[in-house]
Amino acid sequence: MIPTLPNPTLRLPLLSKALTLLAALVLGTALGLAVVSFPLILVLLAALGIALLASWQLLKNSHLTVTVFWVAFALQVTLFSGFELQGLYYPLYLLMIGNIAIRLMAGRLHVSPLVLSIYLLFYCTVLFGLFNLPSSPDFTVWQRLFIYSLGLIVLFQFTSLPSLWWLPRVQVIAGLVVSGWVIITAAQAGFADRGGVAVDQNFVAFIIALGLTPLLSRFLSTATSLLPRLGIGLGVALGIYAMLLLASRGMAVALAMVFVVMFARIVLEPRRSIPIILTGSLLAVVLVSLPGSDQLFNRFDDADLATANERLPLWEATLREYAASPLPQLLLGHGFDTSKIVALDVSGYTTSTHNAYLQILYEFGLIGLALFLAIHGLVISAAWRDNSYLALYTLGTVTFLLFANLSVNAPDGFLYWVVLGHLLAIGVWQHAAKGYADHPYLQ
């Protein structure tokens, strides 16, 4: 028997009326103060009223909280990288947690026992690693702990199938905006090395690639007609050109694997695959002829390729130290942030292993790594049964995350867990809606 999901629509009429009345009072008071000319108070009260109305809309449509966070964060770390404001995203975090609390109290919080248990087990291994901290936790430790919990928080922000479409759309918009910024910056810098972009080029490419995966999914979708597919192809070309300028080898390889995995799902359908091969070949010819597009290929010819840009010594040292550990540390790791000590001893300047799997293996052990991979395995198993746009997007995005982890410590970033939480939500809601009663998500 297929389990019946609770109605995800949240109805709190009394609270809604109360907040609407409060907002009206605030705005009315502000209008009254305008008559007696108190401009500063007017501005403050008007801002408060707008904030209340916006907060109420985000509480009613919790998925919008995630999309607002994605756009704000993606643009703040790229176009506005010089702008820093402590606590800028705290209100959004509180809204996300408030959304969960309200649904829990209303009995409308849909939980997948399998997803919840595996995620919490992984988080427990992370918390266990705190026992080996050499000193009391500082801000960076607490921030990383919160980042690792963000996937579960984001999972519960999506309450229906339609709500799942918002984040991919926002990923595309943010990715295209950042791509345009990279291209303009490169042109202004005379197409200097890595596009003249001063921000971490790997992270910029990470944002662009996550904007390209929804476009590639739509491009390969059977439901996409010729004219929209042409527009989508132009968007894909824009993003790929920006990535060629950034010359991030790790992100480029990860994105290439996204296309390989997605295309493998349709390769046996000539009516879909042959036009895509022809279109892709034409775009490739155009892209490699553009100025600065050779920077990525030139980096693959660099002398440091044999050492993976000095990453190989870090990987070898981390594996060597891990292999020499006693059994308890093999299973549960050396503890939170201990991989930084190994990396610093080897390089003298970096604290990153530049490989997420080695970082998790060393810090949280074989059990932690197995649970981390199991979370991604749940996403893959949910997408594999389906060939829809969302399933193709899910499969492509989780592929990108898994391959990006080979060269950077991507899970230490906010956006990694935001998108992973969204992918878990797709598995929960899409498969529940399709009625897969035997699917492990619903057990």
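Everything in this summary refers to the structure shown in the same document. All values derive from a computational prediction rather than experimental measurement.

### Some remarks on the packing of aromatic side chains
Phase 1 of the analysis: The tally for this structure, following the rule as stated, stands at 25 aromatic pairs.
Phase 2 of the analysis: With centroids separated by 5.8 Å and ring planes inclined at 50 degrees, the aromatic side chains of Phe69 and Tyr93 adopt a geometry described as tilted. Of this pair, Phe69 sits in helix H3 (residues 63-76) while Tyr93 is found in helix H4 (residues 90-106), placing the two residues 24 residues apart along the sequence. Per residue, the accessibility class of Phe69 equals that of Tyr93, and both read buried.
Phase 3 of the analysis: Aromatic side chains Phe372 and Trp417 sit 6.1 Å apart centroid to centroid with 70 degrees between the ring planes, which places their arrangement in the edge-to-face category. Of this pair, Phe372 sits in helix H16 (residues 356-384) while Trp417 sits in helix H18 (residues 414-434); the two residues are 45 residues apart in sequence, bridging distant segments of the chain.

### Concerning the packing of H16 against helix H17 (residues 389-404)
Phase 1 of the analysis: For the pair H16 and H17, the least separation of the axes is 9 Å and the interaxial angle reads 165 degrees. Comparing the axis directions of H16 and H17 gives the class roughly antiparallel. H17 is crossed by H16, and the crossing has left-handed handedness. Taken together, the residues of H17 that come into contact with H16 (itself represented by Tyr357, Leu373, His376, Val379, Ile380, Ala383 and Trp384) are Ala391, Thr394, Leu395, Val398, Leu402 and Phe403.
Phase 2 of the analysis: Residues of the contact of H16 with H17, tallied by class, amount to eleven nonpolar, two polar and no charged.

### A look at the pattern of salt bridges
Phase 1 of the analysis: Within the structure shown, the criterion is met by four salt bridges.
Phase 2 of the analysis: Notably, a salt bridge pairs Arg144 with Asp337, separated by 2.8 Å at the nearest N-O pair. You can see Arg144 sitting in helix H6 (residues 139-155) and its partner Asp337 sitting in the loop between helix H14 (327-332) and helix H15 (338-347), a full 193 residues away along the chain. There is no split in this pair, since Arg144 and Asp337 are both buried.
Phase 3 of the analysis: Among the salt bridges present, the one from Glu363 reaches Arg144, with a minimum N-O distance of 2.9 Å. Taken as a pair, Glu363 in helix H16 and Arg144 in helix H6 lie far apart in primary sequence, 219 residues in all. Neither residue differs from the other here; Glu363 and Arg144 are each classed as buried.

### Regarding H4
Each α-helix winds once per 3.6 residues, and so residues spaced three or four apart point in a common direction.
Phase 1 of the analysis: Between its first and last C-alpha atoms H4 spans 24 Å; for 17 residues at 1.5 Å apiece the expected length is 24 Å, and the two agree.
Phase 2 of the analysis: Within H4 the residues assigned to the buried category are Leu92, Tyr93, Leu95, Met96, Asn99, Ile100, Ile102 and Arg103.
Phase 3 of the analysis: Two residues or fewer past H4, Gly107 is found with a positive phi of approximately 70 degrees.

### A few points about helix H7 (residues 166-188)
Phase 1 of the analysis: Its 23 residues give H7 an end-to-end C-alpha distance of 33 Å, which sits within 8% of 33 Å, the value for a rise of 1.5 Å per residue.
Phase 2 of the analysis: Backbone geometry just after H7 places Gly190 at a positive phi near 70 degrees.

### Observations regarding the packing of H3 against H7
Phase 1 of the analysis: Where H3 meets H7, the closest approach of the two axes is 9 Å, and the angle between their N-to-C directions is 15 degrees. By the angle class used here, H3 and H7 are roughly parallel. For the pair H3 and H7, the sense of crossing is right-handed. Across from His63, Leu64, Val66, Thr67, Trp70, Val71, Ala74 and Leu75 in H3, the residues of H7 making contact are Trp166, Leu167, Val170, Gln171, Ala174, Val177 and Val178.
Phase 2 of the analysis: When the residues that make up the contact of H3 with H7 are grouped by side-chain class, the tally is twelve nonpolar, three polar and no charged.

Cut-off values and rules
- Residues numbered from 1 in each chain as written.
- Predicted model: local features only at pLDDT ≥ 70, side-chain atom pairs only at ≥ 80, totals over all residues.
- Heavy atoms only, no water.
- Phe/Tyr/Trp six-rings, centres within 6.5 Å; stacked < 30°, edge-to-face > 60°.
- Helix = DSSP H or I, 4+ residues; strand = E, 2+ residues; numbered from the N terminus.
- Buried < 20%, exposed > 50% of the residue type's maximum accessible area, 1.4 Å probe, protein only.
- Axes fitted to C-alpha atoms, helices over the stretch in contact; angles between N-to-C directions.
- Parallel < 35°, antiparallel > 145°, perpendicular 65-115°, else oblique.
- Left-handed = near helix turned anticlockwise from the far one by under 90°.
- Contact = heavy atoms within 4.5 Å.
- Nonpolar A, V, L, I, M, F, W, Y, C, P; charged D, E, K, R; others polar.
- Salt bridge = Lys/Arg side-chain N within 4 Å of Asp/Glu carboxyl O.
- Expected span 1.5 Å × (residues − 1).

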